[in-house]
Amino acid sequence: MNNQQKSLQGMLSIAALICLAVGWFNLFSPDINHLLSRKIFYVLMGASFFIQAPLFLNKNLSYAMYGAAVICVVGAFLPEDSKLSSIKTLGLLGGIILSLANRPR
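Residues numbered from 1 in each chain as written. Predicted model: local features only at pLDDT ≥ 70, side-chain atom pairs only at ≥ 80, totals over all residues. Heavy atoms only, no water.

Colleague: Whenever I open this one, the environment of Leu90 confuses me. Can you help?
Modeller: Along the chain, the position of Leu90 falls in helix α4 (residues 87-101). Since its relative accessible area comes to 59%, Leu90 is described here as exposed. It is 16 Å that separates the C-alpha atoms of Leu90 and Phe50, two residues lying 40 residues apart in sequence. (Helix = DSSP H or I, 4+ residues; strand = E, 2+ residues; numbered from the N terminus. Buried < 20%, exposed > 50% of the residue type's maximum accessible area, 1.4 Å probe, protein only.)

Colleague: Can you walk me through a nonpolar patch on the surface in this structure?
Modeller: Taken together, the side chains of Trp24, Phe25, Leu27, Phe28 and Ile32 define a hydrophobic patch exposed on the protein surface, amounting to about 630 Å² of accessible area. In this fold, Phe28 is placed in the loop between α1 (2-25) and α2 (30-52). What makes Phe28 partly exposed here is its relative accessible area of 48%. (Patch = residues over 30% accessible without salt bridge, like charges linked within 9 Å, V, L, I, M, F, W, Y side chains within 5 Å. Areas by Shrake-Rupley, 256 points an atom, 1.4 Å probe, with all protein chains shown as cover. Salt bridge = Lys/Arg side-chain N within 4 Å of Asp/Glu carboxyl O.)

Colleague: I keep staring at the packing of α2 against α4 and nothing clicks. Help me out?
Modeller: To characterise two packed helices, one gives the angle between the axes of the helices and the distance between these axes. Remark: α2 packs on α4, axes separated minimally by 11 Å, with the N-to-C direction vectors making an angle of 35 degrees. Crossing hand, α2 versus α4: left-handed. Residues Arg38, Phe41, Tyr42, Met45, Phe49 and Gln52 of α2 touch α4, and the partners they reach there are Lys88, Thr89, Gly91, Leu92, Gly95, Ile96 and Ser99. Along the lines of polarity and charge, the residues of the contact of α2 with α4 split into six nonpolar, five polar and two charged. (Axes fitted to C-alpha atoms, helices over the stretch in contact; angles between N-to-C directions. Left-handed = near helix turned anticlockwise from the far one by under 90°. Contact = heavy atoms within 4.5 Å. Nonpolar A, V, L, I, M, F, W, Y, C, P; charged D, E, K, R; others polar.)

Colleague: What's the story with the side chain of Ser37 in this structure? I'm lost.
Modeller: Relative to the elements of secondary structure, Ser37 occurs in helix α2. At 2.9 Å, the side chain of Ser37 and the backbone oxygen of Asn33 are in polar contact. Residues contacting Ser37, with those up to four places away along its chain left out, are Cys19, Leu20, Gly23 and Tyr42. (Polar contact = N/O pair within 3.5 Å; in protein donor to acceptor, adjacent residues only side chain to side chain.)

Take a look at the structure:
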């Protein structure tokens, strides 16, 4: 199960990076680019964090990763003109820091 979770988490991360690259390079219409780079990217990263969270040995870090996943997904669906729209970036940054902190030494 552990290898399947890691594989799925890796595929979600790669799909998220592809969405981000498509949005940056404007490969499609502006609406689709915006959807891919500002919405789907954060949803995929949140799903990746959610799958990665049970793999943490420290339960406190695991709960924090679940929190980062929820913040990414919820933030993706907030309106862009909202003051809370930048919360998705904080969730992404938190999830990345947590995943780096969980690496074996």
